[in-house]
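# Examination of the molecular architecture
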Amino acid sequence: MTATTQGAFDRMVNVSAGTIQWAHDLVVAVRSSFGERRRARIEAELDRKQDELRRTVLQLADVLGMEAHEARKALIRESFLASGRTPNEQSDS
């Protein structure tokens, strides 16, 4: 092999190695970006579901609070009916 041919071959090998490394880096970056986008989609869906569940819990707490209030009122009313007194009457003590 002549020096010129050897030099051209060496340059071709270097360029090919650089191209292969570039392609490898590109594939790794693309694969990584797909993983990051997938993770971001999953996290966004989890955030939406968490917000939905939080709203549901708060709505249920409101409903239970209203039902508890009504139950307390009913117990007080029944207590007054059972004692035969009204809330405005003074106790005999």
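Look up: the structure comes first, before these words.
Attention here is on the structure that accompanies the text. (Residues numbered from 1 in each chain as written. Predicted model: local features only at pLDDT ≥ 70, side-chain atom pairs only at ≥ 80, totals over all residues. Heavy atoms only, no water.)

## Concerning the overall build of the chain
Scanning the chain for helices and strands turns up one helix and zero strands. For the chain, whose C-alpha radius of gyration is 39 Å, the value lies well above the compact-globule estimate of 12 Å for 93 residues. In the chain, which comprises 93 residues, the share counted as buried stands at 0%. Element-wise, carbon and sulfur atoms account for 61% of the exposed surface of the chain, whose accessible area totals about 8500 Å². The distance from the centre of the 14 positive side-chain charges to the centre of the 14 negative ones in the chain is 7 Å. (Helix = DSSP H or I, 4+ residues; strand = E, 2+ residues; numbered from the N terminus. Rg over C-alpha atoms; globule rule 2.2 N^0.38 Å. Buried < 20%, exposed > 50% of the residue type's maximum accessible area, 1.4 Å probe, protein only. Areas by Shrake-Rupley, 256 points an atom, 1.4 Å probe, with all protein chains shown as cover. Lys, Arg positive; Asp, Glu negative; His and termini not counted. Charge placed at Lys NZ, Arg CZ, Asp CG, Glu CD.)

## Here's the deal with the pattern of salt bridges
Going through the model one piece at a time under the given rule, you end up with four salt bridges. Between Lys-49 and Glu-52 there is a salt bridge, with the nearest N and O atoms lying 3.8 Å from each other. Of this pair, Lys-49 and Glu-52 are both found in helix α1 (residues 3-83), three residues apart, which corresponds to roughly one turn of the helix. Overall, the relative accessible area of 39% leaves Lys-49 in the partly exposed class. According to the relative accessible area criterion, Glu-52 is partly exposed, its value standing at 38%. Lys-73 is paired through a salt bridge with Glu-70; the nearest N and O atoms lie 3.3 Å apart. (Salt bridge = Lys/Arg side-chain N within 4 Å of Asp/Glu carboxyl O.)

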